[in-house]
Amino acid sequence: MQELRIVFMGTPEFATESLKALVDAGSNIVGVITAPDKPAGRGRKLTPSPVKKYAEENGLKVLQPEKLKAPEFLDELKSLNADLQVVVAFRMLPEVVWDMPQKGTFNLHASLLPEYRGAAPINWAVINGEKKTGVTTFFLKHEIDTGDIIFQEEVPITRNDDAGSVHDKLMEAGARLVVKTVEAVSLSNVRPVPQPKKELKPAPKIFKEDCRIDWSADSLRIHNLVRGLSPYPTAWTELITPDGETASVKIFQTEKNDSDGLKAGEIYCDNHKLILVGTGSGDLKIHELQMAGKKRMKTADFLRGHKIEEGSRFE
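Note that this is a predicted model, so its numbers are computed, not measured.

Visitor: Provide a residue-level description of the pattern of salt bridges, including the pertinent values.
Guide: Counted according to the given criterion, the structure contains 12 salt bridges. Among the ionic pairs, E76 bridges to K61, the shortest N-O distance being 3.3 Å. One end of the pair, E76, is in helix α3 (residues 71-79); the other, K61, is in the loop between α2 (50-57) and β5 (62-63), and 15 residues separate them in sequence. Note on E76: relative accessible area 32%, which makes it partly exposed.

Visitor: Residue-level account of the packing of helix α1 (residues 13-24) against helix α6 (residues 163-186), with values.
Guide: Each pair of packed helices can be summarised by the angle the axes make with each other and by the distance between the axes. Viewed as axis vectors pointing N to C, α1 and α6 meet at an angle of 35 degrees, and their least axial separation amounts to 8 Å. Judged by the twist between their axes, the crossing of α1 over α6 is right-handed. Seen from α1, the contacting residues are E13, F14, E17, S18, A21 and L22; seen from α6, they are H167, L170, M171, G174, A175, V178, V179 and V182. A class-by-class count of the residues in the contact of α1 with α6 yields nine nonpolar, three polar and two charged.

Visitor: Any chance you could break down the side chain of Q195 for me, citing the residues and the numbers?
Guide: Along the chain, Q195 falls in the loop between α6 and α7 (219-228). Look at Q195 and you get buried, because its relative accessible area is 8%. Of note is the side chain of Q195, whose polar atom sits 3.5 Å from the backbone oxygen of T146. There is a polar contact of 2.8 Å between the side chain of Q195 and the backbone oxygen of G147. Excluding residues within four positions of it along the chain, Q195 makes contact with L113, P114, R117, D145, T146, G147 and I149.

Visitor: Please provide a residue-by-residue account of the pairing of strand β7 (residues 105-109), values included.
Guide: With five of five residues buried, β7 lies mostly within the body of the structure. The two faces of β7 match: T105, N107 and H109 on one face and F106 and L108 on the other face are all buried. Examined bridge by bridge, strand β6 (residues 84-88) and β7 share four bridges and lie parallel to one another. Each residue of the ladder has a partner; that of V87, found in β7, is N107. Two strands pair when backbone bridges link them, and β7 and strand β8 (residues 132-139) are joined in this way by four bridges, in the antiparallel orientation. Bridge assignment links L108 to a residue of β8, and that residue is T137.

Visitor: Residue-level account of the sheet that holds strand β1 (residues 5-10), with values.
Guide: Taken together, seven strands build an open sheet; the order of strands is β5-β2-β1-β6-β7-β8-β9 and the sheet is mixed. Two strands in the sheet have a free side with no partner beyond their single neighbour: β5 and β9 (149-156). Contacts from α6 reach β1, β6, β7, β8 and β9 within the one sheet, and its direction differs from that of β9 by about 155 degrees.

Visitor: Tell me about the packing of α1 against α2, and name the residues and values.
Guide: Running from N to C, α1 and α2 cross one another at 25 degrees; their axes reach a closest spacing of 8 Å. Between α1 and α2, the interaxial angle falls into the category roughly parallel. Residues E13, A15, T16, L19, K20 and V23 of α1 lie in contact with α2, whose contacting residues are P50, V51, Y54 and A55. Of the residues in the contact of α1 with α2, the class split is seven nonpolar, one polar and two charged.

Visitor: Account for the packing of aromatic side chains, naming residues and giving values.
Guide: How two aromatic rings sit relative to each other is given by the distance of their centres and the angle of their planes. Following the criterion strictly, the structure yields one aromatic pair and no others. Ring geometry for W215 against F314: centres 5.6 Å apart, planes inclined by 15 degrees, an arrangement best described as stacked. Residue W215 is located in the loop between α6 and α7, and its partner F314 is located in strand β16 (residues 313-314); the two are separated by 99 residues in the primary sequence. Take W215: its relative accessible area is 4%, and that puts it in the buried class. A cation over a ring is seen here: K180 above F151, with NZ or CZ 4.4 Å from the ring centre. Positioned above the aromatic ring of W236 is the side chain of K208, whose terminal nitrogen or guanidinium carbon lies 5.1 Å from the ring centre.

Scoring rules and cut-offs
- Residues numbered from 1 in each chain as written.
- Predicted model: local features only at pLDDT ≥ 70, side-chain atom pairs only at ≥ 80, totals over all residues.
- Heavy atoms only, no water.
- Salt bridge = Lys/Arg side-chain N within 4 Å of Asp/Glu carboxyl O.
- Helix = DSSP H or I, 4+ residues; strand = E, 2+ residues; numbered from the N terminus.
- Buried < 20%, exposed > 50% of the residue type's maximum accessible area, 1.4 Å probe, protein only.
- Axes fitted to C-alpha atoms, helices over the stretch in contact; angles between N-to-C directions.
- Left-handed = near helix turned anticlockwise from the far one by under 90°.
- Contact = heavy atoms within 4.5 Å.
- Nonpolar A, V, L, I, M, F, W, Y, C, P; charged D, E, K, R; others polar.
- Polar contact = N/O pair within 3.5 Å; in protein donor to acceptor, adjacent residues only side chain to side chain.
- Pairing = 2+ DSSP bridges.
- Parallel < 35°, antiparallel > 145°, perpendicular 65-115°, else oblique.
- Phe/Tyr/Trp six-rings, centres within 6.5 Å; stacked < 30°, edge-to-face > 60°.
- Lys NZ or Arg CZ within 6 Å of the ring centre and 35° of its normal.

This is the structure in structure tokens:
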């Protein structure tokens, strides 16, 4: 097996698990490319990415280019003399970067490609009520997420999963698949296959308005929307009191209820431990929520400090 010189590219926690798996497997990581430090917290202190933190703790060389086409970055990247580049949850690469190594550049994507190409594959798979998803490694080419598939691994989505738990499952499965792919490349034992051409479910970037709950939709659709946006970026709605006051409310966890007696957006609350909301078809129990400016709470804890007036509604 050839010992490959590997450059790893990634930024969030999802990518850190793959980098750690490669280091634990004894891979020769000659450089780590990650996003520049960003202001975070109330003090807006510059904070390194999870990938940078891990890389520095393990003595790996780190590069943080502002621009991937900058001549000084390209010169430094070339000087690393990588045989292979591994990309996990990074940004779109220009051809001059992904075409640099002799053995190419492969990406880990958090779906079973060609389904759910795009920026938010985990969220959309749960929003759409899928029973399974997975991870895919593929070689980069010009069109985003369209390269030839190297390996895939399926991961089940249970009815109790939300985007957060599916993220963690895929993070672990993805780390295994990255190591498997590197080992196959090092043995020249890779036979990539083109992605099938068919009508696909997309996974575009999610904006705030996409997260607003439409209570006229059926209860299953709303339940899956809440699951697919929890814990981030989170489904939300407006609480309207009988006297017309409004407050934004994030909803993290719901449960379909056997009843079907409330109108869409109508609230029944015992102001003890139950919040029930009507939808276009069926009622939903609210199990976890957060008022603007407050912390996330279970419904019973929320109702200890917040009473919902009779006649209030969500819209």
